[in-house]
Amino acid sequence: MRGQDGTDAATRASTPVAFSVEQLAEVHRLQGLYPDRRAALLPVLHLAQETFGYVSLEVEAYVAALFDLTPAHVHEVVTFYTLFFRAPKGRHIVAVCHNLSCHLAGAPMIVAHLRRRLGIDVGETTDDGRVTLQSVECLCACEHAPMMQVDDRYEFGLTPEKVDRILEGLR
Amino acid sequence: MTAEKILTRNFARADSHTLKAYLETGGYTAWQKAQTLPPAEITEEVKQSNLRGLGGAGFPTGTKWSFIPKSHGGPVYLVINADEGEPGTFKDRYLLERDPHAVIEGMLIAARAIRSATGFVYVRGEYVEPYRRFATAVSEAYDAGYLGKGFDVVVHRGAGAYICGEETGLISSLEGKKGWPKLKPPFPAIKGAFGAPTIVNNVETICHVPHIIARGAAWFAALGTKTQGGTRMYSVSGRVTRPGVYEASVAITLRQLVYDLAGGVTGNGRLKAVVPGGSSAAILRGDEIDVTMDVDGLRNAGTMAGSAGVIVMDETVSIPEALMVVARFYAHESCGQCTPCRESTGWIYKMVRRIVEGRGRKDDLDTILDVARRGAGTTICAFYDGAVGPYVSYIEKFRAEFEALIPR
């Protein structure tokens, strides 16, 4: 099992940190959308994470150079937000809302079920790299509590059975 | 009391998010009308309508617009706050997904009023589908010539941080920084995004603007109370029969909302408490729900309308456990800039948690109240005051329940 703060030297060393020509054109397009090109930092970091899997220190330095910023500034930004991963993550992110409405609807039971099924704790990734499990603050879909986000999708009205079906669909 | 549907009138249509559907239901006609009006007249109309910000603060929208300096020669920005994150709130998600062109039309009109050529829409990072829906609508609006002729819209994705819903934190984040709120004054209308005069409006607020221009301030004002016009979208969740979004007048009572619209209380069926305006609003006991949901009505009841996220709890709900969940949220989301907030949110969460786990100390409740009150009003933004609302109200109104968990 790999904790969220764990590092994976092999993965890091084997991933070349450079955007393609097309991606660099996209970076310039994004920078041109704002009065100050630095404002494109979050969009470019999203692009970097999609491309490199997570935002390593090397990725931070690479992105910093694209903006003429210090790596320290980019690090400060990356560490402020919850959607940027600083260590390798699973192929799928399963993020269960644990805020009030979901809590009232049984979120703790859903989290417990997922921990059992996946054999990992919250914040960890399965050994096969398939799933990273998270417990997160309000995703603003309280009318469908308990709910969770699986990658880009919201999954509503969870039951242990529904969770099992969703997990089966994750490869 | 349920009034006419305005913001949600097209939600039942499967294609409500498309330009075609929007045009078929009268879309962009208010923008046509607005183009014939002088900017100052648009602002005056919105002022007269008594539209108040629906993101949380409840500030009069037209008044906010009028703060943009008249003599300003440089750029002015319009920023739409779609960083919905207040626990218990989910209305803006519906608007982005089901009526994105209403947001764009509202922006066009607001931009004319404040003389802005560029708008930014800041969508919370987790809202991937709403972001795509909205970005598609923006492309449609460019293709149809509504955008790109004097007004451009940039759709911007956040990256996960509740504090970015605070307007100056949002501006910091939009500028490519961590989302730290800024000291006011200067207010964003004077010095906002990229150092320029900026108006930040909530998604739902801006969606009302086309209707106000099309049908008049008097019509809109008459839908609400003396000090707040219109309808709003209530997000109702927790222990109710029919959780969901309900559009109704701002003058509806909390009782009507819970019983008539949301179908009443589930669990054991007996109402224990309601959070009326998102988790930062002080909690109300079950016998305190004969209040109107407008900004001033709830303020007079000692709580706030906030984002109109209504969370219902029946008698089987443990209030200390609910406060633990809420306190965990504020501890996690404090941005860390101001000492009272950074330190107190973590400390209070620890104390509430040990009480719930049966390890509370006999002076913990008084310590929480003391720590909470000392920090109130001492921080750069309203986040900590929003946390103090639940800390103090949950304990004051349900103190015996907390005391019962503390070993003697």
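Residues numbered from 1 in each chain as written. Chains lettered and ligands numbered in written order. Predicted model: local features only at pLDDT ≥ 70, side-chain atom pairs only at ≥ 80, totals over all residues. Heavy atoms only, no water.

Student: I tried to follow the side chain of Thr303(B) on my own but got confused; where do I start?
Tutor: Residue and element names in this part refer to chain B. Examined against the element boundaries, Thr303 turns out to sit in the loop between helix H12 (295-300) and strand E9 (309-314). According to the relative accessible area criterion, Thr303 is buried, its value standing at 9%. With residues up to four places along the chain from it excluded, the contact list for Thr303 reads Pro276, Ala281, Ala282, Leu284 and Leu298. (Helix = DSSP H or I, 4+ residues; strand = E, 2+ residues; numbered from the N terminus. Buried < 20%, exposed > 50% of the residue type's maximum accessible area, 1.4 Å probe, protein only. Contact = heavy atoms within 4.5 Å.)

Student: It is not clear to me how the sheet that holds strand E5 (residues 231-238) of chain B should be interpreted in this structure. Could you clarify?
Tutor: The pairing of strands in a sheet comes from backbone hydrogen bonds and takes either a parallel or an antiparallel form. All names here are of chain B. With mixed pairing, the 5 strands of this open sheet are ordered in space as E6-E5-E9-E7-E8. Two strands in the sheet have a free side with no partner beyond their single neighbour: strand E6 (244-249) and strand E8 (284-285). Sheet analysis places strand E7 (residues 271-275) next to E9, joined by 4 bridges and oriented antiparallel. Residue Ala273 lies in a different strand from E9, and its bridge partner there is Met313. (Pairing = 2+ DSSP bridges.)

Student: Whenever I open this one, the domain arrangement of chain A confuses me. Can you help?
Tutor: How big an interface is tends to be expressed through the accessible area that disappears when the partners come together. Taken as a whole, chain A is organised into domain 1 (9-80) and domain 2 (92-168). Look at where the C-alpha atoms of domain 1 of chain A and domain 2 of chain A centre, and you get two points 29 Å apart. (Domains from an automatic or database assignment.)

Student: Just checking my understanding: could you explain the interface of chain A and chain B for this structure?
Tutor: Every contact between the two is made by 36 residues of chain A and, on the other side, 55 residues of chain B. With both sides pooled, the region where chain A packs onto chain B buries about 3,600 Å², and carbon together with sulfur makes up 61% of that total. Sorting the residues of chain A by area buried against chain B places Phe80(A), Leu104(A) and Glu143(A) first, and these three jointly supply 18% of that buried surface. The tally of links from chain A across to chain B stands at 3 salt bridges. Residue Lys178(B) pairs with Glu76(A) through a salt bridge whose shortest N-O separation is 3.1 Å. Scanning the region where chain A abuts chain B turns up 21 residue pairs in polar contact (both at pLDDT 80 or more). At the level of elements, helix H3 (41-52), helix H5 (71-80) and helix H6 (100-104) of chain A are the ones that each hand at least two residues to the side of chain A that touches chain B. Looking at the side of chain A that touches chain B, its residues break down into 21 nonpolar, 9 polar and 6 charged. (Buried area = accessible area lost by both parts, 1.4 Å probe. Salt bridge = Lys/Arg side-chain N within 4 Å of Asp/Glu carboxyl O. Polar contact = N/O pair within 3.5 Å; in protein donor to acceptor, adjacent residues only side chain to side chain. Nonpolar A, V, L, I, M, F, W, Y, C, P; charged D, E, K, R; others polar.)

Student: Even after reading the chapter, I still don't get unusual backbone geometry, so can you show me in this structure?
Tutor: Working note: non-glycine residues mostly have negative phi, and peptide bonds are mostly trans. All names here are of chain B. For the peptide bond that leads from Lys184 to Pro185, omega is -5°, which places it in the cis range. Tracing the sequence through the fold places Pro185 in the loop between helix H8 (167-174) and strand E4 (198-202). Cis geometry is found at the peptide bond from Pro185 to Pro186, where omega equals 5°. Within the element layout of this structure, Pro186 appears in the loop between H8 and E4. The backbone of Asn50 shows a phi angle near 60°, a positive value even though the residue is not glycine. Considering the arrangement of structural elements, one finds Asn50 in the loop between helix H3 (39-48) and helix H4 (61-66). Even without a glycine there, the phi angle at Phe194 is positive, about 55°. On the secondary structure map, Phe194 appears in the loop between H8 and E4.

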